[in-house]
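One letter stands for each residue in the lines below.
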Amino acid sequence: MKHERTIFAPDPAPLSVGILVMAETNALSLAAAVDPMRAANRRAGETLFTWRFFASEGTAVPTTAGFEVAATPLTDRAEMDVLMIVAGFRLIEQATPALLACLRRLAPRLGAMVGIDGGSWFLALAGLLDGHAATVHWEDLETFAGRFPRVDVRRDRYVVSGRMVTTGGAAPCLDMMLDLIRARHGAELALRVAGAFLYEPVHGPAVPQQAVPAARLARSDPALGQAIAIMEGAVEEPPPIAAIARRVGLSQRRLEMLFADHLGTSPARFYRDLRLDEARRMITDTQLPLQEVALRCGFSGQAAFARAFRARFAVTASSLRRRR
């Protein structure tokens, strides 16, 4: 049986990385891809990684932070071992037929293609994720899964599936890059690179993405972290707070005290705001009818949803949809 060579294997040879920066990319996601390579080279005292920035068109790519990245137009003749696609917004608009065709031509001769944050969309739109497991930022998971039924969409922080690698955002990208350094050059160098950023990796790749980063809370009080994870996993059919308390082995009163001490709010208020935040995302990022949004966020009636939404955001759901 033939096994595909993976970039996640010991290899002292320098890895040549092309970084396709799409317009309105999140600067933190871009840094999470590039800076670990720079730090690895510096800590090792030799060139372990080289990289070059590419653009789908033009020679300067604007980021969401307001600065531009100087880049070379991408062609299928570009020399590299790996192509990383870093993207944030306006994904469909930028996925031109010419770019997708270029990605398809590049794919067979690369050791890996990596979709970072919104970069997974470009791999999927090019058909390169068909038959693979993949992830994308948690805000897009449902839409992504519906759009690409031939992709095994997972909520994991990052996914390595053969030569296709996808990450859910900036922090998972940093975790993935540290794992890449560890696999190619050893755990000691990966720890020194993490130490350079004062970063303590606490998640494995298969840990589900969370809308609320509760890892630190979970370390200080595991029951609180478990309660938040239950809430995030049951937005559509929210269980009573008493039931959540029983599932984490606490009384309702004790759970209320934990939320008050650590988050300054009640579990009921926290849970409602979590569901309303998801509703606002659906209103701005999808075409779902408002009644469907209300149901998917655990509100049995449109009137109750409308009141809660306006109280939280000082705007009605319908007016927010019109603005969009």
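Structural notes, computed from the coordinates. Keep in mind that what you see is a predicted model, and the values were worked out from it rather than measured.

Some details on the sheet that holds strand E10 (residues 158-161)
For step 1, the next point in the chain: Strands sit in the order E5-E2-E1-E6-E7-E11-E10 across an open sheet of seven strands; the sheet is mixed. On the outer flanks of this sheet lie strand E5 (72-73) and E10, each paired with one strand and no other.
For step 2, the next point in the chain: Note that strand E2 (residues 49-55) and E5 share two bridges and pair parallel. Residue pairing in the sheet places Phe-54 in a bridge with Thr-72 of E5.
For step 3, the next point in the chain: Strands in contact with helix H1 (residues 27-44) are strand E1 (15-21), E2, strand E6 (82-87) and strand E7 (112-117); relative to E2, the strand with the most contacts, it is inclined by about 155°.

Observations regarding the packing of H1 against helix H6 (residues 170-185)
For step 1, the next point in the chain: At a minimum axis distance of 8 Å, the contact between H1 and H6 shows a crossing angle of 20°. Overall, the two elements H1 and H6 adopt an arrangement that is roughly parallel. Note that H1 runs across H6; the crossing there is right-handed. When H1 is examined against H6, the residues Leu-28, Ser-29, Ala-32, Ala-33, Pro-36, Met-37 and Ala-40 are found in contact with a partner set consisting of Ala-170, Cys-173, Leu-174, Met-177 and Ile-181.
For step 2, the next point in the chain: Counted by class, the contact of H1 with H6 contains eleven nonpolar, one polar and no charged residues.

Notes on helix H11 (residues 252-263)
For step 1, the next point in the chain: Its twelve residues place the ends of H11 16 Å apart at the C-alpha level, agreeing with the 16 Å of an ideal helix rising 1.5 Å per residue.
For step 2, the next point in the chain: Three or more residues of H11 are buried, namely Leu-255, Leu-258 and Phe-259. Buried residues of H11, seen end-on, are gathered within an arc of 95° and therefore sit on one face of the element. Across from the buried face of H11, at angles greater than 90 degrees, the exposed residues are Arg-253 and Asp-261.

The rules we used
- Residues numbered from 1 in each chain as written.
- Predicted model: local features only at pLDDT ≥ 70, side-chain atom pairs only at ≥ 80, totals over all residues.
- Heavy atoms only, no water.
- Pairing = 2+ DSSP bridges.
- Helix = DSSP H or I, 4+ residues; strand = E, 2+ residues; numbered from the N terminus.
- Contact = heavy atoms within 4.5 Å.
- Axes fitted to C-alpha atoms, helices over the stretch in contact; angles between N-to-C directions.
- Parallel < 35°, antiparallel > 145°, perpendicular 65-115°, else oblique.
- Left-handed = near helix turned anticlockwise from the far one by under 90°.
- Nonpolar A, V, L, I, M, F, W, Y, C, P; charged D, E, K, R; others polar.
- Expected span 1.5 Å × (residues − 1).
- Buried < 20%, exposed > 50% of the residue type's maximum accessible area, 1.4 Å probe, protein only.
- Arc of directions from axis to C-beta.

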